[in-house]
Every structure is written in C-alpha cells, then in structure tokens.
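Geometric and topological summary
In case you want the letters, here they are:
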4 protein chains.
Amino acid sequence: MDELTSRVRAFAEERDWQQFHTPKNLAMALAGEVGELIAEFQWLTPEQAAVVMSEPDAGSRVKAEMGDVMIYLARLADVLGVDLIEAALTKLEDSARRYPVDQARGSAVKR
Amino acid sequence: MDELTSRVRAFAEERDWQQFHTPKNLAMALAGEVGELIAEFQWLTPEQAAVVMSEPDAGSRVKAEMGDVMIYLARLADVLGVDLIEAALTKLEDSARRYPVDQARGSAVKR
Amino acid sequence: MDELTSRVRAFAEERDWQQFHTPKNLAMALAGEVGELIAEFQWLTPEQAAVVMSEPDAGSRVKAEMGDVMIYLARLADVLGVDLIEAALTKLEDSARRYPVDQARGSAVKR
Amino acid sequence: MDELTSRVRAFAEERDWQQFHTPKNLAMALAGEVGELIAEFQWLTPEQAAVVMSEPDAGSRVKAEMGDVMIYLARLADVLGVDLIEAALTKLEDSARRYPVDQARGSAVKR
C-alpha cells in the first residue's frame, strides 16, 4: 500500500496534476470509478456475478475498475493524510462493537 | 492490506454474513459508502475541503467513511479473488502509457 | 416537473443557498443521495427488493430517498438550464437506434 | 413525466428487458449513470463547471448523462410504483420543516 501511494503520488507530480487532485475532485473521481465498477455488475444475475472473474473480458474489466477505485482511494488518502489501512481497522473495531457476534449472526439489520 | 483482508473476512464469517456478501451486494455497499464519503465534501468550498482533516468532527467522519470504503473494497476483492494492490499498480502502468508525461503535463484531458 | 423545479428553486433562494448550489456541488449531492438509495437495497435478496414498497418502514425510506434524488437532479438541471424530460426522451431515442428491437430482445449486452 | 415513464416502460417491454429491470439492478444502473455524470465535472474548476453547457462537446455529454439518470430514475420509480414528483414534493416539505428559513439562511450545516 505504501508503494502504491508513492507511485500514484509520483504519477501525479510528474504530470503536474496536483492542481486537479483536490479532495473534492478526488472524491468525485472515486465516485465515478465506483460507478464504472458497479456498471459491470448491474445486469448480471447473482449467479453470473459470482463467476465474473472466470470470464476473461468481464473479469479483466472488473479488475481494472477495482484498480482505478483503489488508485483514487489511495490518492485521496494521501492528499488528506489519512492512513487507509489504519482507518479501516479502526472502523472494523467500531463495527465489531456495534454488531456483537451473538446478536448479528445471520442478520442484515443495520444498527 | 493482507491483514485487513483477513480481518474483514473473519468479521463476516463470525457473523455468518457470507450469504449477504455477494459481488453485487458488495458493489452496492461500496457505492453506498462512497456516497457517504462524497456527502462529507459536497457543501465545502475547495479551501474548506483542503483543511477538512484539521476539523475534529468533520475529519473523524471523513476518516471513518474512508475506512468503510476501504473495508468494502477489500471485501469485494477478497470475494472475487482480486489482488487490489496488484490491480492498482497494473492500472497505473496502463495509465502511464496512455498519459505520457510530455503530453499530459498540466492537462486534464481524458484519453 | 416544472412545479417541482420552481419549488426547489424557491426553497434554495429563500435560504440563500444558491452559493452552495454549484454544478459540482449538486452533482456530488446527487451522488450522495443515490448512495443512500442504493444502500436501502444492498442487503435485500432480489425477492425482498421486489416487494420493498409493501414494507412500511423500508418503503417509506425508499420513497424518501427517491424524492431526494429527484430534488437534486431537478436542481442540477435548473442550474445548468437543462430540460430533464427532453434530455431523457432524446437519450431514449438514441438508445432505440443503438438497441434495435430485433437485435436487443432479451439481451443485456452493451453497445 | 408520465409520458417519459410510459415510453421507458414500452422501450423495456419491446426488448423483453423486464427480466433485467429489477429494483436492485435499476438502483445499480442509476448509480452507474450518476458516476458517468459526476465524471464530467470532476476535473473542472468551479468556474469551468458553471459554464459547461456553453461548451458544445461537454455540454452535450452532460445533457446526455442527465437524460440517462432521469431514464433510470423514472424506470425504478415505475417498477416500484413510486410517484417521483410526489415523492420529491413530500421530501421538500419535510426539508422545509427541518431547515426553517430564519435558521438555515446562508448555512450549509446538516440537520
């Protein structure tokens, strides 16, 4: 992850793209890429979606879109000074408290 | 990242949530969390957004939303068998070819 | 639709919110509301989603989120000077040409 | 709006696409189209975004993407039996109560 962050930063700096990489713009770019990712799944049945990675064309597109989402998420985190993995682990601990195993088992109810 | 993936997987398995964690559902959850993240920025001026992490309340919310996005992205990648960092680095190499430094410098034109 | 557009505009002007209602901000707000809408569906099975409007709580939330999406879409269209219905009908005619009935019947393949 | 709803419905039925037009799938398609719309704005400065409709190419793309968003929103509403305009007007009345003019004037604070 650190290497990815560094390489995305270098990619942007070499192209003088820091001017475009404001938090608002990067949040928009992230939403745009997630839109492209979700579009890969929209007309698939649940069964087709489960095996999408074994379809060469669709699988490649899904992987590429996930790569794009990861790139913009890493770039936004870098610009904001957020440690993504730490943020995710902290959030996971919060969720563990909010959804105790014995109450949450098998239930999709939000708390 | 590997630790995060393992912990998110354990979190889901302990709660018997694999049944909900289909690729379509996780892509939807990812889009929902990105929506919450973008909502943190929508009414901020570019100047306010640039310093959002120094505002205790807004900064905490942004970090938590980024954590949620990372969690669902890691979970989707795990379910699909995609190596997120590798997918991002591959995509970055593609982009480096599509946007050569000398042509792309300072330009936001899409190719 | 015209009445909605007028009422959303009056709502914004009475609160001096035109300063926040820039195209970028409204596009972000639209994405945020669509994120809330999609979150209502993410953990539902296809069968549960098909009857969501007959569940009082979930049905109310879905209707309210669709109202929010419509509000921001109408507001963005108003700020940009786009006639939404005309834009949709024009796009539908384009799609009719791109997806001729005899070729597209029963197929989700994108063109 | 009623005419749009009817024409989108006819478009889907002629192509036997009702099978794809489940609430979950349509919510995903809506999110995908909003992603394309937001992508049109992501690298624009606020000043460029304010005049995007006077740029022939970008303006056409924005209008087309807004048309797509409207189409899927109308289709989702039709499938769910939601009256979009009524849902939006109801939500606007709720917001008027939540954001009284004298308290909300000039403020982007969420309630």
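Note that the coordinates shown come from a computational prediction; the quantities given were computed from them, not determined experimentally.

Each helix and strand counted, chain A has six helices and zero strands in total. Its helices and strands taken in sequence order, chain A reads α-α-α-α-α-α from the N to the C terminus. Against the globule reference of 13 Å for 111 residues, chain A gives a C-alpha radius of gyration of 17 Å, more extended than a compact globule. Overall size of chain A, expressed as C-alpha extent along the three principal axes, is 50 × 40 × 25 Å. Residue pairs at least 24 apart in sequence account for 61% of intrachain contacts in chain A once pairs closer than 6 positions are excluded. Here chain A has roughly 4,800 Å² of accessible surface; of this, 48% comes from carbon and sulfur atoms. Within chain A, the 19 negative side-chain charges are centred at a point lying 7 Å from the centre of the 13 positive side-chain charges.

Oppositely charged side chains can form a pair if their charged atoms are brought close together. Across all of its chains, the model carries 36 salt bridges over all chains by this definition. Across the pair K91 of chain A and D68 of chain B runs a salt bridge, and its minimum N-O distance is 2.5 Å. Taken together, the residues span two chains, with K91 of chain A in helix 5 (residues 84–98) and D68 of chain B in helix 4 (residues 56–80). The exposure class of K91 of chain A is buried, given its relative accessible area of 12%. Judged by relative accessible area, which is 9%, D68 of chain B ranks as buried. For E14 of chain D, the salt bridge goes to R15 of chain D, with nearest N and O atoms at 3.3 Å. For R15 of chain D, a relative accessible area of 2% gives the class buried. Salt bridges here are not isolated pairs; linked through shared partners, they connect E3 and R7 of chain A together with E93 of chain B.

Attention now goes to the interface of chain B and chain A. Facing the 64 residues of chain B at the interface are 64 residues of chain A. Regarding the contact of chain B and chain A, the summed buried area is about 5,300 Å², with carbon and sulfur atoms giving 76% of it. Our count for the contact surface shared by chain B and chain A stands at six salt bridges. Between K63 of chain B and E86 of chain A there is a salt bridge, and its shortest N-O distance comes to 3.1 Å. Taken together, chain B and chain A are joined by 20 residue pairs in polar contact (both at pLDDT 80 or more).

Once that is clear, we can look at the relation of the copies chain C and chain D. Each copy of the sequence occupies a distinct position, and chain C is placed on chain D by a rotation of 180° and an axial shift of 0.0 Å, giving an RMSD of 0.0 Å. Expressed as a symmetry operation, the mapping of one chain copy onto the other fits a two-fold axis. Both copies share a contact surface, since 100% of the interface residues of chain C are interface residues in chain D too.

Here we take up the interface of chain C and chain D. Facing 64 residues of chain C, the contacting portion of chain D comprises 65 residues. Carbon and sulfur atoms make up 76% of the surface buried where chain C meets chain D, a total of about 5,300 Å² over both sides. On the chain C side of the contact with chain D, K24, M66 and L92 of chain C bury the most area, a combined 12% of that side's loss. Connecting chain C to chain D are six salt bridges. Where chain C packs against chain D, one counts 20 residue pairs in polar contact (both at pLDDT 80 or more). Of all the elements in the fold, those that place two or more residues in the side of chain C that touches chain D are helix 1 (2–14), helix 2 (23–41), helix 3 (46–50), helix 4 (56–80), helix 5 (84–98) and helix 6 (101–104) of chain C. Grouping the constituent residues of the side of chain C that touches chain D by class yields 44 nonpolar, eight polar and 12 charged.

With that settled, the discussion passes to the packing of aromatic side chains. Any pair of aromatic rings gets described here by the distance separating the centres and the angle formed by the planes. Residue and element names in this part refer to chain B. If you walk through the whole model with that rule in mind, you get 12 aromatic pairs over all chains. Centroid distance F11 to W17: 5.7 Å. Interplanar angle 75°. Geometry classified as edge-to-face. According to the relative accessible area criterion, F11 is buried, its value standing at 11%. What makes W17 buried here is its relative accessible area of 11%.

Summed over the entire model, instances satisfying the criterion amount to one cavity of 30 Å³ or more. Each pocket or cavity is described by its volume, and for the largest cavity that value is around 130 Å³. As for the largest cavity, its lining consists of 14 residues, and the residues nearest its centre are A31 of chain A, A31 of chain B, A31 and V34 of chain C together with A31 of chain D. Taken together, the elements giving at least two residues each to the lining of the largest cavity come down to helix 2 (23–41) of chain A, helix 2 (23–41) of chain B, helix 2 of chain C together with helix 2 (23–41) of chain D. Residue classes in the lining of the largest cavity are distributed as 10 nonpolar, four polar and no charged.

Expressed as a screw operation, the relation of chain B to chain A combines 0.0 Å of axial shift with a rotation of 180°, fitting to an RMSD of 0.0 Å. The share of interface residues of chain B whose copies in chain A are also at the interface is 100%, consistent with both copies meeting through the same surface.

Let us now look at helix 1 of chain C. Its 13 residues give helix 1 of chain C an end-to-end C-alpha distance of 18 Å, which sits within 8% of 18 Å, the value for a rise of 1.5 Å per residue. Residues of helix 1 of chain C that are buried make contact with helix 4 of chain C together with helix 5 (84–98) of chain D. The positive-phi residue at the C-terminal boundary of helix 1 of chain C is D16 of chain C, with phi of around 55°.

This brings us to the packing of helix 5 of chain A against helix 4 of chain B. Where helix 5 of chain A meets helix 4 of chain B, the axes come as close as 7 Å, and the angle between the chain directions of the two elements is 90°. Comparing their axes, helix 4 of chain B and helix 5 of chain A come out roughly perpendicular. Contacts between helix 5 of chain A and helix 4 of chain B involve L84, E86, A87, A88, T90, K91 and L92 of chain A from the first element and K63, A64, M66, G67, D68, M70 and I71 of chain B from the second. The residue inventory of the contact of helix 5 of chain A with helix 4 of chain B, partitioned by class, reads eight nonpolar, two polar and four charged.

Calculation notes
Residues numbered from 1 in each chain as written. Chains lettered and ligands numbered in written order. Predicted model: local features only at pLDDT ≥ 70, side-chain atom pairs only at ≥ 80, totals over all residues. Heavy atoms only, no water. Helix = DSSP H or I, 4+ residues; strand = E, 2+ residues; numbered from the N terminus. Rg over C-alpha atoms; globule rule 2.2 N^0.38 Å. Contact = heavy atoms within 4.5 Å. Areas by Shrake-Rupley, 256 points an atom, 1.4 Å probe, with all protein chains shown as cover. Lys, Arg positive; Asp, Glu negative; His and termini not counted. Charge placed at Lys NZ, Arg CZ, Asp CG, Glu CD. Salt bridge = Lys/Arg side-chain N within 4 Å of Asp/Glu carboxyl O. Buried < 20%, exposed > 50% of the residue type's maximum accessible area, 1.4 Å probe, protein only. Buried area = accessible area lost by both parts, 1.4 Å probe. Polar contact = N/O pair within 3.5 Å; in protein donor to acceptor, adjacent residues only side chain to side chain. Least-squares fit on C-alpha atoms with pLDDT ≥ 70 in both. Nonpolar A, V, L, I, M, F, W, Y, C, P; charged D, E, K, R; others polar. Phe/Tyr/Trp six-rings, centres within 6.5 Å; stacked < 30°, edge-to-face > 60°. 1 Å grid on protein atoms, 1.4 Å probe; cavity = no way out; pocket = protein on both sides within 12 Å on 5 of 7 lines; lining within 4 Å. Points joined across faces, edges and corners; volume = space filled by probe spheres on them. Expected span 1.5 Å × (residues − 1). Axes fitted to C-alpha atoms, helices over the stretch in contact; angles between N-to-C directions. Parallel < 35°, antiparallel > 145°, perpendicular 65-115°, else oblique.

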